[in-house]
Amino acid sequence: MAIKSLKSGSYGRSVKAGNSIILPGDYESIATTIVGAGGASSVTFSSIPSTFTHLQIRYINRNTTAIDSLIIRFNSDTGSNYVRHKLSGDGSSASAAAATSSTYMASADYPAGTSTFGAGVIDVLDYANTNKYKTMRLLAGYDANGSGIIDLRSNLWQSTSAVTRIDITSNSNLFAQYSHFALYGIRG
Amino acid sequence: MSLQLFKIASTTVETPQANVDFTSIPQGYTDLLVVLSGRSDGAAYNNLLRFNNDSGSNYTWRNLYAFSGSVYSDAGTASPENTYIRFGFTNASTMTTSAFGSAQAYIPNYASSLYKSVGTDGTQESNATTGVDIGFTAGLWSSTSAINRVTITPQAGQFVAGTTATLYGVL
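Bear in mind that the values here come from a model prediction, so they are computed numbers and not experimental data.

Caption draft 1: Spatial organisation of the interface of chain A and chain B. Listed per partner, the contact involves 39 residues of chain A and 43 residues of chain B. At the boundary of chain A with chain B, total buried surface from both sides reaches about 3,200 Å², with 62% on carbon and sulfur atoms. Inspection of the region where chain A meets chain B yields one salt bridge. A salt bridge links R137(A) to D121(B), with the shortest nitrogen-to-oxygen separation between them at 2.9 Å. The tally of links from chain A across to chain B stands at 16 residue pairs in polar contact (both at pLDDT 80 or more). Every element with two or more residues in the side of chain A that touches chain B is listed here: β3 (54-61), β5 (82-89), β6 (94-102), β8 (118-125), β9 (134-143), β10 (148-157) and β12 (180-186) of chain A. Of the residues forming the side of chain A that touches chain B, the biggest block, seven residues, is contributed by β6(A). Partitioned by chemical class, the residues of the side of chain A that touches chain B number 17 nonpolar, 13 polar and nine charged.

Caption draft 2: Structural detail: the sheet that holds strand β4 (residues 45-51) of chain B. Residue and element names in this part refer to chain B. Strand order in the open sheet made by the four strands is β2-β11-β4-β7, with antiparallel pairing throughout. One side of each edge strand has no neighbouring strand; the edge strands of this open sheet are β2 (20-22) and β7 (85-90). Strand-to-strand, the axes of this sheet are offset by a mean angle of 20°, without reference to chain direction.

Caption draft 3: Looking closely at unusual backbone geometry. The omega angle of the peptide bond from S79(B) to P80(B) is 0°, so this bond is cis rather than trans. Relative to the helices and strands, P80(B) resides in the loop between β6 (70-76) and β7. In the Ramachandran plot, S47(A) falls in the positive-phi region, its phi being about 50° despite a non-glycine side chain. Relative to the helices and strands, S47(A) resides in the loop between β2 (42-45) and β3. Phi is positive for N53(B), which is not a glycine, with a value near 60°.

How each quantity is defined
Residues numbered from 1 in each chain as written. Chains lettered and ligands numbered in written order. Predicted model: local features only at pLDDT ≥ 70, side-chain atom pairs only at ≥ 80, totals over all residues. Heavy atoms only, no water. Contact = heavy atoms within 4.5 Å. Buried area = accessible area lost by both parts, 1.4 Å probe. Salt bridge = Lys/Arg side-chain N within 4 Å of Asp/Glu carboxyl O. Polar contact = N/O pair within 3.5 Å; in protein donor to acceptor, adjacent residues only side chain to side chain. Helix = DSSP H or I, 4+ residues; strand = E, 2+ residues; numbered from the N terminus. Nonpolar A, V, L, I, M, F, W, Y, C, P; charged D, E, K, R; others polar. Pairing = 2+ DSSP bridges. Axes fitted to C-alpha atoms, helices over the stretch in contact; angles between N-to-C directions.

In structure tokens form, the structure reads like this:
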């Protein structure tokens with residue numbers, strides 16, 4: 001049985017001669033979601049422990065129908081408390097855009113072609129620091145063999161609350177099967 | 001998808017200070033990763049990354065960034081820009097209160113006897129559609145010395161309380 005997350009308790013393995021050594025690093029899986037055959041409109045990481053220093057999400061995703069955008073919110077906050085900035089390239093030109101007083105944060109658009117997935121890495125430093133607003137920095141994009149996009153994005157959640165929940169939502173349609181979202185905690 | 005990431009040292013700024021300085025870096029890892037959540041009490045500007053206390057003209061870099069709705073690319077090849085590698089951007093004192101920039105630098109093979117390549121990405125944040133930088137940098141430290149010290153300095157002002165930086169070793 002594979003263990004995909006361990007939110008409490010302990011995990012041990014024998015270091016008898018001949019076994020592989022496990023080094024207890026500072027990068028730890030918190031939870032992983034893999035979308036099943038029916039698709040999913042959103043993925044939620046809840047009850048995020050405050051015992052780490054930084055969070056990282058790594059994902060691959062595909063839409064069931066068409067190229068779509070990825071919406072992200074913290075702690076179920078749907079208010080106009082977010083700011084977005086992006087640097088984007090499509091293979092022939094680069095552009096920049098921003099939005100203030102937004103009701104959501106965003107990552108790069110993602111594809112719908114057969115076997116074509118977008119990918120991204122999202123970092124939230126000091127996610128549990130109650131003296132700071134939360135900056136979400138991410139690198140994401142996709143290549144669809146003739147089209148695609150690569151984005152560096154920054155989003156700001158104007159709250160000093162610790163992040164305890166992350167909702168990742170498909171703006172339209174569904175995340176397709178095998179879309180994969182993994183949340184990691186990093187000690188600092 | 002897990003990383004073999006090990007914290008070497010971290011700093012939390014309590015009172016304004018000129019830089020963040022990681023010294024006596026052990027040589028037993030493969031790569032280094034530095035992350036910074038930074039804000040300065042000066043104007044909006046770059047973070048400067050230096051190794052082994054070297055402030056000489058031994059660095060070069062290329063940058064791609066967005067600022068106020070436009071995209072730019074520049075380079076550090078002549079003094080004073082070639083005395084550091086640009087490491088993201090620091091939130092300035094004029095930016096939204098309680099907002100901090102976010103940056104990371106990845107340094108592969110930091111202990112090798114080759115020149116050192118660095119990849120960074122960094123963002124400022126503020127409740128504004130203009131005056132905010134986000135971008136990437138590819139840099140080179142033209143030294144064959146193993147890296148044993150990493151210093152991060154805001155180009156203007158000092159890092160304020162709440163600024164954090166962590167140095168990780170990567171296996």
